[in-house]
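Residues per chain are reported as follows:
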Amino acid sequence: MAHVLVASDADWVRDEVRQVLSRGHHSVQESTVGTDLLRAVRDRPPDLAVLDFQMGNMGAVAMCADLHLEEGAGRLPPVPVLMLLDRRADVFLARRSNADGWLVKPLDPIRLRKAVEALLAGGTYFDATDRPETVVVTRG
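Here is a short report on the structure shown in this document. Predicted model only: the values in this text are computed from it and were never measured.

## Focus: the pattern of salt bridges
Phase 1: This model, assessed by the stated rule, comprises eleven salt bridges.
Phase 2: Where aspartate 15 meets arginine 18, a salt bridge forms, and the shortest distance between an N and an O atom there is 2.7 Å. Remark: arginine 18 and aspartate 15 occur in helix α1 (residues 11-23); sequence separation between them is three residues, near one turn of the helix.
Phase 3: Judged by its relative accessible area of 31%, aspartate 15 is partly exposed.
Phase 4: Residues arginine 42 and glutamate 70 are paired through a salt bridge, measuring 3.0 Å at the closest nitrogen-oxygen approach.

## Remarks on the packing of aromatic side chains
Phase 1: For the structure on display, the rule yields one aromatic pair.
Phase 2: Between tryptophan 102 and phenylalanine 126, the aromatic rings sit 4.4 Å apart at their centres with planes inclined by 50 degrees, giving tilted as the arrangement. Of this pair, tryptophan 102 sits in strand β5 (residues 101-104) while phenylalanine 126 is found in strand β6 (residues 125-126), placing the two residues 24 residues apart along the sequence.
Phase 3: Taking the relative accessible area as the measure of exposure, phenylalanine 126 reaches 39% and is therefore partly exposed.

## A word on unusual backbone geometry
Generally, phi is negative for residues other than glycine and the peptide bonds are trans, each holding for most cases.
Phase 1: The amide bond that connects lysine 105 to the next residue, proline 106, takes the cis arrangement and shows omega of 10 degrees.
Phase 2: As for its placement among the helices and strands, proline 106 is situated in the loop between β5 and α5 (109-120).
Phase 3: In this model, asparagine 98 sits at a positive phi of 60 degrees, which is unusual for a non-glycine residue.
Phase 4: Inspection of the secondary structure puts asparagine 98 in the loop between α4 (91-96) and β5.

About the thresholds
Residues numbered from 1 in each chain as written. Predicted model: local features only at pLDDT ≥ 70, side-chain atom pairs only at ≥ 80, totals over all residues. Heavy atoms only, no water. Salt bridge = Lys/Arg side-chain N within 4 Å of Asp/Glu carboxyl O. Helix = DSSP H or I, 4+ residues; strand = E, 2+ residues; numbered from the N terminus. Buried < 20%, exposed > 50% of the residue type's maximum accessible area, 1.4 Å probe, protein only. Phe/Tyr/Trp six-rings, centres within 6.5 Å; stacked < 30°, edge-to-face > 60°.

Okay, here's the thing in C-alpha cells:
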C-alpha cells in the first residue's frame, strides 16, 4: 500500500483523487494549503505527491520547486510529483518544474489510476492531451 499526499484547496479535486486511490488501497493524506506541503512531507514522506496546479497561496509549480530544492539539499527524500493541470497550456510550466507526470483536468479515473501507478512504479506519466494535435490539410 502506497502513501499518497494530495494537495488541493478544491474539495472536488481531493474527493476525486481519494476515490480513485482508495480503490487501489492506497492511504491518502490531504493538504488544503500549499505552504503546508513541506511540513507534511517531513512528518510522513509520501510515496507520491499529487499537486493541484492552482491553489490559493502556493500552486503546484512553487510546491514542486520547494520539494526539489529540499531534496537537492538533502533535507527531504525524493518524492515523485503528479501535477493536475487546468489546461493544456500549463504543460509548459509542468515541464519547467520537473514534475514526474501530469494530467489535464477534468480528471478521468482511468487516466488518474494509470498515472499514479506509473509514478509509484518509478516511471513517468504525461497526459495524452500533451501531444500536439495533428492537422491534415488537403487541397483539391
